[in-house]
Amino acid sequence: MSEEPTDDTEDVQPDGNANGADDVALDPWGSSTIDDYRNLFEQFGIEEFDTLLPDVSGPHYLMRRGVIFGHREYDRVARAMREGEPFAALSGFMPTGDPHIGHKLVFDELIWHQEQGGDTYGLIADLEAHSARGLSWEEIDEHARDYILSLLALGFDPEDGTLYRQSDNRELQDLAFELGSEVNFSEMEAIYGFEGETSVSHMQSVVTQMADILYPQLDEPKPTVIPVGPDQDPHVRLARDLAARTRYFGVTEAYASFEADPKERAVLARAYEERETFAEEPDRPRCVEAADWLAEHDTLSDLYDPGVIASTVEKLRAAGKEPLRPRVRFLDRNATDEAFEALIEAIHGEKRVYDAHIDTFDLSAEEAEDLAREVELAHGGYGFLAPSSIYHRFMTGLTGGKMSSSIPASHISLLDDPEDGYDKVRSATTGGRETAELQRELGGKADECPVYELYAYLLAGDDDAFAKEVYDECVGGERLCGDCKEQAAVLMKEFLAEHQEKRAEAEELLADLDIEFDSARA
Ligand code: TRP
Ligand code: SF4
């Protein structure tokens, strides 16, 4: 969640989107209004959560109601959950203000994954708050405590999970240092819009977040979900990249001894499929024969980029009479000599060893992946799996527009006096019509109503029937805004009172935690 005052003109930074489209900005330190969530799918390759919903057993209400709208490779986590395999969940909070009902979404997501059996981590991003937002350590200590108390009050089990501050986790910082050698300034510039003026500590906070995201896998690689808002996606993408960059071996499929990129590989796969039609000996199709066939088939350019076809043809010609033959290839990325040798030893069946890669003919890609990881782990590598993510929608501010910590009336803090919470809901903007008559006639616009959001995201809790009733009554014109807000305001008051009681009870747990709220720093 972004906590920054939202001065769009000053704070929007490029997001590393190479084609220069600037209609959606995913910026971790800017304003996080997302106008069009669909764009995130097309532009950034975030996947829709809905299609995955049937694969999640007993999905959380935020999943059922579309509040969690997108993901990256969450299928991997869902599978581990279904099959009782180890998995982890981790998210981080910048202690720049009071925790509010927007943060509660993430708290709930973490707690749910913990209840599903996940190894769950909550961290305080104090290095980031200090370096990117300039908060003093004193302020950070106070907010850190408040975040942790709310997380505990909502049901996080500290005995079963892990809580830490970035600043006093030495193992984390060592990992951050290692990951830092895989990233350079040009990349930071491209992804985050960093400039000559950007402080080194701010950059350090980025590699620290990379380490946070991979931290659950330090003991052993496992599927890990990072529940966050979509503004954090640039971090997730970089972390997924770094997970791959630190690996000892890459595993790809190939058709001949030369290297091909994924698009060329698709063309090669197609040519291989058609071998019967062009090869003199179909069980030994030659590269040059495939090249001729590809060059002759104009219609293929409807399916594949002509440039890609051309480069594939060129490579095939250069390979001449070499037979085209599918294989699984191990690429040496960061392996030590011993690890490379050990991998060669470990491969059963037919194999061909080159300088920096090994081709194998009797392994599936999946078996090869497993073997590569096994050898890497046995030789001191991390063996990281690419971390997964889920993305939730940002709540609309109660005053319309964005929910922001710097506009008190726009959000409800988890520390707000319950009466103030009541009042804020009572004076919230609605999706209602000008008059009661019109509302009865046309129905309200629940989809554009911040009050309805309160029901769906929080007040209705697990009760889908209740959320649906509010929605149906609203759009059907049976529900009028005054009563609707009164009901929501009362529920909000009750929620806050209860939450704050639980916070008071959780105070006792604080002392036993492994986490310090008294920074020795000034
Ligand atoms: N950058 C996040 C924020 O702005 C906080 C954060 C730090 C985080 N490390 C993380 C979030 C790891 C998710 C995972 O709030
Ligand atoms: Fe919003 Fe309720 Fe009014 Fe519908 S009736 S527009 S949900 S406040």
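All values reported here derive from a predicted model rather than from experimental measurement.

**A short note on the nonpolar core**
Piece 1. One finds Tyr 74, Ile 148 and Tyr 455 to be the most contacted residues of the largest nonpolar core, which totals 68 residues.
Piece 2. Apart from residues lying up to four places away in sequence, Ile 148 is in contact with Ile 124, Leu 163, Leu 510, Leu 513, Ile 515 and Phe 517.
Piece 3. Counting 48 residues, the second largest nonpolar core, distinct from the first, contains Ile 34, Tyr 37, Leu 127 and Met 203.

**Some remarks on the UniProt feature "short sequence motif: 'HIGH' region" (unreviewed entry) in the protein**
Piece 1. If you check UniProt for "short sequence motif: 'HIGH' region" (unreviewed entry), the listed places come out as residues 95-103 in our numbering.
Piece 2. Between the C-alpha atoms that bound residues 95-103 the distance is 11 Å, and the span itself is 33% helix and 0% strand.

**Topic: the site of ligand 1**
Piece 1. Around ligand 1, a shell composed of 15 residues is seen, among which Gly 92, Glu 128, Gln 209, Asp 212 and Gln 232 lie nearest.
Piece 2. At 3.0 Å from a nitrogen atom of ligand 1 is found a side-chain nitrogen or oxygen belonging to Gln 232.
Piece 3. Here ligand 1, which alone exposes 370 Å², has 98% of that area covered by the protein.
Piece 4. Looking at the shell around ligand 1 residue by residue, the classes come out as 8 nonpolar, 5 polar and 2 charged.

**Structural notes on the sheet that holds strand E5 (residues 162-165)**
Piece 1. In space, the 7 strands of this open sheet follow the order E1-E2-E11-E6-E3-E4-E5, with mixed pairing throughout. Of all strands in the sheet, those with a lone pairing partner are strand E1 (47-48) and E5, marking the two edges.
Piece 2. Bridge count between E1 and strand E2 (residues 68-72): 2 bridges; the pairing is antiparallel. Opposite Glu 48, over in E2, you have Gly 70 as the bridge partner.
Piece 3. Helix H2 (residues 37-44) contacts E1 and E2 of the sheet and is inclined by roughly 10° relative to E2.
Piece 4. Packing against the sheet, helix H5 (residues 101-115) makes contact with E2, strand E3 (88-93), strand E4 (119-124), strand E6 (224-228) and strand E11 (388-392), and its axis sits at approximately 160° to E3.

**Some words on helix H12 (residues 262-273)**
Piece 1. Its 12 residues place the ends of H12 16 Å apart at the C-alpha level, agreeing with the 16 Å of an ideal helix rising 1.5 Å per residue.
Piece 2. Within H12 the residues assigned to the buried category are Glu 264, Arg 265, Val 267, Leu 268 and Ala 271. Burial along H12 is one-sided: seen end-on, the buried residues are contained in an arc of 160°. Away from its buried face, by an angle of more than 90 degrees, H12 presents the exposed residues Pro 262, Lys 263 and Glu 273.
Piece 3. On its buried face, H12 sits against strand E7 (249-254), helix H13 (275-278), helix H14 (287-296) and helix H15 (306-319).

**Re the site of ligand 2**
Piece 1. Taken together, the neighbourhood of ligand 2 is formed by Thr 430, Gly 431, Gly 432, Gln 439, Cys 449, Val 451, Tyr 452, Cys 474, Arg 479, Cys 481 and Cys 484.
Piece 2. Sorting the residues of the shell around ligand 2 by element identifies helix H20 (450-459) and helix H22 (481-512) as the ones contributing at least two each.
Piece 3. A class-by-class count of the residues in the shell around ligand 2 yields 6 nonpolar, 4 polar and 1 charged.

**Quick look at the pairing of E6**
Piece 1. Burial analysis of E6 places 5 of its 5 residues in the buried class, the great majority of the element.
Piece 2. Because side chains alternate across E6, one face comprises the buried residues Thr 224, Ile 226 and Val 228, and the other comprises Val 225 and Pro 227, equally buried.

**Things to note about the pattern of salt bridges**
Piece 1. What the rule picks out here adds up to 32 salt bridges.
Piece 2. Here Asp 464 and Arg 64 are joined by a salt bridge, their closest N and O atoms 2.7 Å apart. Taken together, the residues span a long stretch of sequence, with Asp 464 in helix H21 (residues 464-475) and Arg 64 in helix H3 (residues 61-64) at a distance of 400 residues.
Piece 3. Its relative accessible area of 31% is what places Arg 64 among the partly exposed residues.
Piece 4. The partner of Asp 464 in a salt bridge is Arg 65, and the shortest N-O contact between them spans 2.7 Å. With Asp 464 in helix H21 and Arg 65 in the loop between H3 and E2, this residue pair connects regions lying 399 residues apart in the sequence.

Rules used in this analysis
Throughout this document, residue positions are counted from 1 along each chain, in the order its sequence is written. Each chain gets a letter, beginning with A, and each ligand a number, beginning with 1, in the order they are written. The model is predicted, so local features are restricted to residues of pLDDT at least 70 and side-chain atom pairs to those at 80 or more, both for listing and for counting; the totals for chains, interfaces and linings are taken over all residues. Side-chain measures here rest on the full set of heavy atoms in the structure, leaving out hydrogens and waters. Take the buried residues of types Ala, Val, Leu, Ile, Met, Phe, Trp, Tyr and Cys, join any two whose side-chain atoms come within 4.5 Å, and each joined set is a nonpolar core. Only protein chains enter the area calculation, which uses a 1.4 Å probe; residues under 20% of their type maximum are buried, those over 50% are exposed, and those in between are partly exposed. In this description, contact between two residues means that some pair of their heavy atoms is separated by no more than 4.5 Å. UniProt positions are given in the numbering used here, feature names are shortened, and annotations may be inferred rather than shown by experiment. Each helix is a run of DSSP H or I of at least 4 residues and each strand a run of E of at least 2, with the numbering of both proceeding from the N terminus. Throughout this document, a residue counts as near a molecule or strand when at least one of its heavy atoms sits within 4 Å of that molecule or strand. Residues adjacent in sequence count toward polar contacts only when both atoms are side-chain atoms; beyond that, a polar contact is any pair of N or O atoms within 3.5 Å, and within protein one must be able to donate a hydrogen and the other to accept it. All accessible-area figures derive from a Shrake-Rupley calculation using a 1.4 Å probe, and residue coverage is judged against the displayed protein chains alone. In this count, Pro and Cys sit with the nonpolar residues alongside Ala, Val, Leu, Ile, Met, Phe, Trp and Tyr, while Asp, Glu, Lys and Arg are called charged and the others, Gly among them, polar. Two strands are said to pair when DSSP picks up at least two bridges between them. Angles here are taken between N-to-C directions and fall from 0 to 180 degrees, while the axes themselves are lines fitted to C-alpha atoms, restricted in helices to the stretch in contact. The length a helix should cover is 1.5 Å for every residue beyond the first. Comment: arc refers to directions from the helix axis out to C-beta atoms. Any Lys or Arg side-chain nitrogen located within 4 Å of an Asp or Glu carboxyl oxygen qualifies as a salt bridge.

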